[in-house]
Amino acid sequence: MKEEIGEIIEQIKVKQPLVHNITNQVVMNFTANGLYAIGAAPVMANDVREVADMASIADALLINIGTLTIDQVEAMILAGRSANEKGIPVVFDPVGVGATPFRNQAAERILNEVSITLVRGNSGEISQLAGMDAEVRGVDATGNMDAVKIAKTAVRKLGTAVLVTGEQDVIADQNALAILSNGTPLLTKVTGTGCLLSSVVAAFLAVGKETVVSAVAAASFYSVAAEFAVEKADQPGSFQMAFLDALSQTTSVHVLEKMQLEVQNHE
Ligand code: ATP
Ligand code: TZP
Ligand code: MG
Ligand code: MG
């Protein structure tokens, strides 16, 4: 898998994939800057009158329900269907699913009406979508075993690939599962680092051939960049800036040197 990961990382700067983001108001600017930093191109478009057209000229679509409105749900479904018609990857970030019935219903509709390539969320969000909330609520779902179980259950329930993030990232589809142990806890102290990762995964899926390999490439690239950034700046404000710089400076050689990856095939 390592050779393919290096190749995908290099291809981002060559192909400069255009990622159409329908995302939340908190992270729009950070997401656009982060996509520029890795060498991709961002576009944000939300209105029902243009989302299908925008998705049809993009290389990947990102749907993020962080600050959801009723109009946005319709826009997400229109954009998603357009992306499906064109055959480009669609990443879904179910921010805060489980917090309110509106979010839960919207997530269910999006998952039913759009063919999603990969769902990226933290362990609470993915366990909610996997129907495991009763099992994991109230327990600390950040442990490795939990994330693996959550990822496997979500793959079965949703029929998509998933990326469960946390101290370790677990990437899985029906055939393979990978555990990545890079990153820094400071990523949890800057808003939008999960959201930006979801957009970065969309860019990588546009460039790579296999979903799990591309998502592992994206997550490892992202976490290794964060490790470089925290060496330069270990407070949240300066870390955010150092992280954007590191996203533009991290190479495939750095990632292959530093990545701590375990790959398994499903039983
Ligand atoms: P939350 O809603 O809980 O903030 P999120 O959507 O921001 O979640 P995270 O799970 O925080 O997403 O993942 C964002 C990035 O931070 C990922 O690259 C992940 O690997 C990294 N990360 C999260 N927690 C840790 C940790 N404890 N140690 C190292 N890296 C981490
Ligand atoms: N509120 C609604 S969306 C959002 C907040 C704080 C951003 C969440 O970003 P992330 O990447 O999930 O931490
Ligand atoms: Mg976060
Ligand atoms: Mg999030």
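Above: the structure in question.
Residues numbered from 1 in each chain as written. Chains lettered and ligands numbered in written order. Predicted model: local features only at pLDDT ≥ 70, side-chain atom pairs only at ≥ 80, totals over all residues. Heavy atoms only, no water.

**A look at the nonpolar core**
Among soluble globular proteins, nonpolar side chains are generally buried collectively. Worth spelling out the cut-off: Nonpolar cores are built from buried Ala, Val, Leu, Ile, Met, Phe, Trp, Tyr and Cys residues. Side-chain atoms within 4.5 Å join them into one set. A simple rule labels every residue: compare its accessible area, found with a 1.4 Å probe on the protein chains alone, to the largest value its type can have, and call it buried under 20%, exposed over 50%, or partly exposed in between. Here a helix means four or more residues in a row that DSSP labels H or I, a strand means two or more in a row labelled E, and each is numbered from the N terminus. Note on definitions: a residue-residue contact is assigned when non-hydrogen atoms from the two residues lie within 4.5 Å.
In this structure, Ile38, Val201, Phe204, Phe243 and Leu247 are the most contacted members of the largest nonpolar core, which totals 54 residues. If you list the elements that add at least two residues to this core, you get α1 (2–15), α2 (28–38), β3 (60–64), β6 (161–165), β8 (176–180), α9 (193–207), α10 (211–232) and α11 (236–249). Here this core takes 14 residues from α10, the largest share from any one element. Ignoring any residue separated from it by four or fewer positions in sequence, one finds Val201 in contact with Val91, Leu118, Leu163, Ala215 and Ala218.

**Digging into unusual backbone geometry**
Glycine aside, negative phi is the norm for most residues, and most peptide bonds take the trans geometry. Although it is not a glycine, Gln16 adopts a positive phi angle of roughly 45°. Note on placement: Gln16 falls in the loop between α1 and β1 (18–22). On the accessibility criterion, Gln16 (48% relative accessible area) is partly exposed.

**Side note on the layout of surface pockets**
Using the following cut-off: Any residue with an atom within 4 Å of a point lines the site, the site being either a cavity, points on a 1 Å grid over the protein atoms alone where a 1.4 Å probe fits but cannot get out, or a pocket, an open set with protein on both sides within 12 Å along at least 5 of 7 lines. Grid points are joined across faces, edges and corners, and a volume is the space filled by probe spheres set on the points.
When its volume is computed, the second largest pocket comes out at roughly 270 Å³. Residue lining of the second largest pocket: 15 residues in total, with Glu108, Leu111, Leu129, Lys157 and Leu158 positioned closest to the centre. Of all elements in the fold, only α5 (101–113), α6 (123–129) and α8 (144–158) reach the threshold of two or more residues within the lining of the second largest pocket. Per-element tally for the lining of the second largest pocket: the top contributor is α5, with five residues.

**Quick notes on the site of ligand 1**
Convention followed: By convention in this text, a residue qualifies as near a molecule or strand provided that one of its non-hydrogen atoms is within 4 Å of it. Polar contacts, as used here, are pairs of N or O atoms within 3.5 Å; protein pairs need one atom able to donate a hydrogen and one able to accept it. Residues neighboring in sequence count only if both atoms are side-chain atoms. For every accessible area listed, the method is Shrake-Rupley and the probe measures 1.4 Å; residues are considered covered only by the protein chains on display.
If you check the shell around ligand 1, you find 17 residues, and the closest are Arg120, Asn122, Thr165, Asp169 and Thr184. Taking Arg120, its side chain carries an N or O atom lying 3.0 Å from an oxygen atom of ligand 1. Between ligand 1 and Asp169 there is a distance of 2.7 Å, counted from an oxygen atom to a side-chain nitrogen or oxygen. For ligand 1, whose unbound accessible area comes to 620 Å², protein coverage reaches 77%.

Function cannot be inferred from these measures alone, as they are strictly geometric.
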